[in-house]
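In case you want the letters, here they are:
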Amino acid sequence: MSPVELCWNITSYVSIIVQLVATGICLGIFVSPYMPGRSKAIKAGAVYGVVMTVLYIMPPQIDNILAYFIGTLASFAVMCAEDRRNINQKIFLSVTFFSLRWLSTSMAEIIDHFFDIVLLNPEIAALGWLHYGLYVAIRILGILFSFLLLLLSAQAVNRAYESKGRYMERRELVMLTVPSLSGVAGYAIFHFYQVQFEMTGFYDVLCFLYYLISVIAVLVITVIFQNWKTSQEEQSGHELLESQINTIKTHIGEIERLYGDIRSLRHDMGNHIQMIEHLMGSGNTAEASAYLERLKIEWQELTPEIRTGNPITDMILLEKKKEAEMRGIRFESDFRYPENTKLDAFDVSVILYNALNNCMESVNGEKPYIRIQAFLKNSVFMLIVSNSFEGKLLTNPADGLPYTTKKDGGHGIGLKNMLRVAKKYMGDLSFEQNGNEVTVGIMLQVA
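Residues numbered from 1 in each chain as written. Predicted model: local features only at pLDDT ≥ 70, side-chain atom pairs only at ≥ 80, totals over all residues. Heavy atoms only, no water.

Student: Please explain the nonpolar core as it appears in this structure.
Tutor: In summary, soluble globular proteins display a tendency toward joint burial of nonpolar side chains. Counting 43 residues, the largest nonpolar core has V31, F92 and Y211 as its most contacted members. Among the elements that line this core, the one with the most residues is helix α4 (residues 87-119), at 9 residues. Here Y211 is in contact with L103, S106, M107, I110, Y187 and F190, once residues within four sequence places are set aside. One finds L317, L343, I370 and Y425 within the second-largest nonpolar core, a separate group that totals 39 residues. (Core = buried A, V, L, I, M, F, W, Y, C linked by side-chain atoms within 4.5 Å. Buried < 20%, exposed > 50% of the residue type's maximum accessible area, 1.4 Å probe, protein only. Helix = DSSP H or I, 4+ residues; strand = E, 2+ residues; numbered from the N terminus. Contact = heavy atoms within 4.5 Å.)

Here you go:
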């Protein structure tokens, strides 16, 4: 074997391995926004690259589609091992990447084919090292084309699919994977006819157009899905907000009834005092004491245990306190409604409702507790809600909100409503975990 032929063989061998490693890098970049931590995405991409390289090096050779299926399956297993949430979404990522890899690589190979025509020129082939140099340049261009087409299509899907932190239902999985599966099936059919009948020229152009349209179809379906999902979440958010407003109105009715009872009690207070004086004056101290005890009980029933300075927040915190006590959860409140500010009681109620509902869902531990603190400093009102939580808080870097595995499609809408209210007052939400305690901080500009 001549030195030129040896260099050809080594370059061909190494270029394929480089392309496999580049594909693994693309996979890591593609799944990174969906994984809680960049290192987990790097592991998935690294395993894909290693498995594909081993399958290429080891004899005997296996079918290409089967080899890439095994590599994709290995990366899927790593993703599930690193993060067991939202398995349907990981299936979507694996199927979509498998399809995009074949489609983008096939388009790059068709482009390479037109460059190969230069290499097949007998006059150039006779030049030896110049011929080899052209081959190296074309292989580098082919790897770059394949890498860029795959990376751009994967990034386009990531930009189109915004619901990265939301649970993916089966029907959503089917909707999103159909165009990818169709693209792979079309590739297999085109490739079969090309091998069997050695079709070239115009047939390559048709193949390229089909692969390009398949990639576009994946993007279009993803965009349609995201628009539908966004519309659905907005509708659910409006419904949730309306439900909370109705609940607050119910509380206002209860407050009016309570204040009516208090007014009645105050109106009758003179009669009660006269009755006690009469009983004491006639020496019926036992009856006077019993009468006073009944009056004290009635007053306690009409006076809220929690006083925040606002009757609506009083009723909300009282309701949640009773719910916590029924579930054996310690409830601590140091909340005071800020006076003489532009803060709307309905907005505060939305924040309290959703924050406390989230606490009720996530609180755990041997001695569970929920703690509420609030303070006003200059023009900033800070509301801090904490709860015991034995686990790891995972937040989505895209919006800073916690990840969830809850399958209810409305989950996460409460957090968005809280964020919406915070933005209304030029504020924000923050989530952090210190040991076995999770804290959400809500900052509002109220002056």
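Still more ground to cover, so stick around.
Student: Explain the packing of helix α12 (residues 345-362) against helix α13 (residues 413-424) here, please?
Tutor: Think of two packed helices as two axes; the pair is described by the angle between the axes and how far apart they sit. Two elements in contact, α12 and α13, have axes separated by 9 Å at closest approach and are oriented at 145 degrees. Between α12 and α13 lies a crossing whose hand is left-handed. Residues D347, V350, I351, N354, A355 and N358 of α12 form the contact with α13, whose participating residues are G414, L415, N417, M418, V421 and K424. Grouping the constituent residues of the contact of α12 with α13 by class yields 6 nonpolar, 4 polar and 2 charged. (Axes fitted to C-alpha atoms, helices over the stretch in contact; angles between N-to-C directions. Left-handed = near helix turned anticlockwise from the far one by under 90°. Nonpolar A, V, L, I, M, F, W, Y, C, P; charged D, E, K, R; others polar.)

Student: How should the packing of aromatic side chains be read in this particular structure?
Tutor: The relation between two aromatic rings is expressed through the spacing of the ring centres and the mutual angle of the planes. Scanning the entire structure with this criterion turns up 16 aromatic pairs. Here Y187 and Y211 contribute two aromatic rings whose centre-to-centre distance is 5.9 Å and whose plane-to-plane angle is 50 degrees, an arrangement assigned as tilted. Taken together, the positions of Y187 in helix α7 (residues 170-197) and Y211 in helix α8 (residues 202-267) put the pair 24 residues apart, joining distant regions of the chain. The exposure classification of Y187 matches that of Y211, with both residues buried. Note on F190 and Y211: the rings are 6.3 Å apart at their centroids and 80 degrees apart in plane angle, and the pair reads as edge-to-face. Residue F190 is found in helix α7, and its partner Y211 is found in helix α8; the two are separated by 21 residues along the sequence. (Phe/Tyr/Trp six-rings, centres within 6.5 Å; stacked < 30°, edge-to-face > 60°.)

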